[in-house]
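# Topology and contacts: notes
As a plain string of letters, each chain reads:
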Amino acid sequence: MVAPALPSALRPTLGLLILAAGLHSAWLVFGWGGAGGREWYSDLHYLAVVALFLVVVGQLFARSAGPLRVAFAWLLAHALVRGAAEASWVYLDLVGREPPFPSVADGLYVLAYLFQGAAFVLLARLPLLGLKTARLALDSLIVVGAVGVFAWQLFLAGIAGDAAEPLVSRLVSLTYPVLDLFLLGLLLLAVFRNQRLRAHEVFFALGLGLNIVGDFIFVYLTRAGSYVTGHPVDALWAWSFVLEGLGAALAARAEPRAARRPGTWQVRLTLLSPYLALSASFALLLALYPRQTLAVGGVLWGTALVTLLVMARQIVMFADNARLHRALTAREAELEHLAHHDPLTGLPNRRALTACLEEAVRDARASGTRLALLFVDLDGFKHINDTLGHAAGDAALREIAGRLRAHAPGNAQVARLSGDEFAVVVPGLADAGAALPVGEALLAALTAPLVLPGRGVSVGASVGVSVWPDHVPDAGGLLRSADSAMYHVKLRGKNGVRMFSPELDAGRRGRQEIERHLRGALDRGEFRLHYQPQCGPGGEVVGAEALLRWSHPELGEVPPRSFVPVAEDLGLIVPLGGWVLREACLQAAAWRARGLPLRVAVNVSPAQFAQADFPTQVRAALEGAGLPGSALELEITERLVVQDVARTAHQLALLGGWGVRISIDDFGTGHSALAYLLSLPISGLKVDRGFVEGLDEAGRDGAGAARVVQAVTGLAHNLGLTVVAEGVEEPWQRQRVHDLGCDYVQGDFLARPLPPAEFERWWRAHEAERAGVGGPVEALV
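Moving on: the overall build of the protein chain. Across its full length, the protein chain carries 27 helices and 16 strands. Residue burial in the protein chain is summarised as follows: out of 781 residues, 49% are buried. Nonlocal contacts in the protein chain, meaning residues at least 24 apart in sequence, comprise 72% of its contacts between residues at least 6 apart. Of the roughly 34700 Å² that the protein chain leaves accessible, carbon and sulfur atoms contribute 61%.

Attention now moves to the nonpolar core. Nonpolar side chains tend to gather and get buried jointly when the protein is soluble and globular. Ranked by internal contacts, the top residues of the largest apolar core, which has 80 residues, are F527, Y531, V618, L632 and L634. Considering each element in turn, this core owes the most residues, 10 residues, to helix α18 (residues 573–593). If we ignore the near neighbours within four places in the chain, the residues touching L634 are L581, V602, V604, F614, V618, L655, V660, R661, I662 and S663. Counting residues in hydrophobic clusters, the runner-up holds 70 residues, among them L189, W237, L246 and V306.

Relative to the helices and strands, S279 is located in helix α9 (residues 264–288). Take S279: its relative accessible area is 46%, and that puts it in the partly exposed class. Between the C-alpha atom of S279 and that of T303, which follows or precedes it by 24 residues, the distance is 9.4 Å.

Moving on: the packing of helix α1 (residues 11–30) against helix α8 (residues 234–251). Running from amino to carboxyl end, α1 crosses α8 at an angle of 165 degrees, the nearest separation of the two axes being 9 Å. The angle between α1 and α8 places the two elements in the roughly antiparallel class. Handedness of the α1/α8 crossing: left-handed. Taking contact as the criterion, the partners of L14, L17, I18, A21, G22, H24, S25 and L28 in α1 are, on α8, D234, A235, A238, W239, F241, V242, G245, L246 and A249. Classifying every residue of the contact of α1 with α8 by side-chain character gives 12 nonpolar, four polar and one charged.

Time to look at the pairing of strand β6 (residues 460–468). Of all nine residues in β6, nine are buried; the element is thus mostly enclosed. Pairing analysis gives nine bridges linking strand β1 (residues 370–379) to β6, with the strands arranged antiparallel. Note on β6: the bridge partner recorded for L374 is V465.

What counts, and where the lines are drawn
- Residues numbered from 1 in each chain as written.
- Predicted model: local features only at pLDDT ≥ 70, side-chain atom pairs only at ≥ 80, totals over all residues.
- Heavy atoms only, no water.
- Helix = DSSP H or I, 4+ residues; strand = E, 2+ residues; numbered from the N terminus.
- Buried < 20%, exposed > 50% of the residue type's maximum accessible area, 1.4 Å probe, protein only.
- Contact = heavy atoms within 4.5 Å.
- Areas by Shrake-Rupley, 256 points an atom, 1.4 Å probe, with all protein chains shown as cover.
- Core = buried A, V, L, I, M, F, W, Y, C linked by side-chain atoms within 4.5 Å.
- Axes fitted to C-alpha atoms, helices over the stretch in contact; angles between N-to-C directions.
- Parallel < 35°, antiparallel > 145°, perpendicular 65-115°, else oblique.
- Left-handed = near helix turned anticlockwise from the far one by under 90°.
- Nonpolar A, V, L, I, M, F, W, Y, C, P; charged D, E, K, R; others polar.
- Pairing = 2+ DSSP bridges.

Laid out in structure tokens, this is it:
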């Protein structure tokens, strides 16, 4: 992430601050001015550094608002009190010559430490609550405790045991290193937390670090009797003001923090630091054993305290891990349930139906009975959506699902396949003819009037029936043959029940026809790409998904759902996918040359991704088009992710290294697990259109669609991923998915998939309308 620029109004003052600190350091290091002059210059020039720091913070406080203003208020209090303390010390040092100890300056110094710590907590937005914060705080205390043990051995024990000094003087002398250890703990908490430090936090943390180091060196030199005013160590305090001033200035321009994964070094540092600190304390204790002095006694008690803190840290870590495990398990269970159930009706979905059919066929084969599948397609349902609205349509679907459950046999399983398509699995039949009465009973139940808000309506249904093993030899053929029978009912006037027979299998013959014409279609140039835009909350177009279309001279426009599965079965999807990749890259490059800064998204099939040279193919497509990797997004399926996680991670890492974005398509409908999202370099997720269809216009989410969309977006954003909602066809759906946290939307509401030239015209009209200089873009769509 690029560091924010310094506010222009502060640059002159910051420049003077840096210049003053530089001259101050040079004077101290080179010893300019002699012994007497060095003392006067050191004190007075140091006051100039403090004064300039106070001006910087004052300007920031005056220009800020909200939580940042509170942080700058604490920093301003720190600067004022620190300035008063320095002025008091300089007066006592230069005028009084023998500054008393302790003095009023010491009280101001102590207060300044506390204000400085409060400012750092707010500027770095350090977490203060929760088990995770408690564990990180314990990690910090363990390291601080170990540092304190070594400091005790080096000079703190000497201060505490110096009977020649009054008790008050010793306590004040010990207060400074204790407060430094307090600041060190805050600094470590910022480093250990699960996010990378931003530019302003790094500068402020370095300033704190220099202040701490300067204090410890000062105490050590004072204890050794070798410190005099104007010692080079004074430069550390001057530069700590510079770094804190730069950090505060950068904080004024910092963007709100986005969730990011911790760096590898942070993870390792967080894990190892407590144990390294404990080991260092024990090593010091063993080196001093068996001497019995005040210093050794302090090391012993300090090491014991560090040990207790490590034990407490382990307890908190176990509790935090248990909580996280419970939360992840519950979230996975929820996503797993929603992935296999329709969010609107609560019925099993198509994926669950497939598993149910396979199990039912095994049971029927073992018991010697028959198994029927009834394919139910509602007649005239679109009229309800068009006249009464989608909320009424959703209510109708829930009512129909309830009727199917109520009137199906007790051992039957009801599922929703898509918008207005349902399936009923009926096991345990003695013969094929027993399935027809079930279909007729369901049809009678569905054709009874529906009572919806505002009025009563009626719908019909076309029901196709297929029986195993009479009509098909396996579970996979049941749905196809029942669909063929249902289609025949539609052709014959709808609102009826029909048993499958071989002559009705027009769909199978249609597939054979597709297979015959699909071979060689790529060489004949029959494929083309259409593009559908992806837009942000403000309507800005951020990208376009490339969608494959097939136009055949005899078959006409063949929909992708008809020819893509055939291409996969025939092994044609690999060369076809390679063509799509190259063509989309060339189109994106052409658009960029004409001023359309768009990212193009391309779907990748599992077979295509499985090619050993797939990353090389992507690289060649980018280089052939002269397109940067950041302009390409690859959409992969959840099924692809779980097939071979290690190989997938390697392939995706290569692609990500070239700047290519990776998104998981139709997230929530497959076998996804949270562990895969944590281990793979994924850039974004696409919420399946089924969840968008299941949303309620009125904002109710009783069926769970809103809950799963919100769960997916929350999970994605916590992992630093973007979320695209596809299938948005209504204005209210667009608003709902944005309210639920989706970053971008895609669907026919914005624009249907368009050929490249039409897409470009749509984009220019859309941008003109956004700028307020054009007419509505709907006319182009």
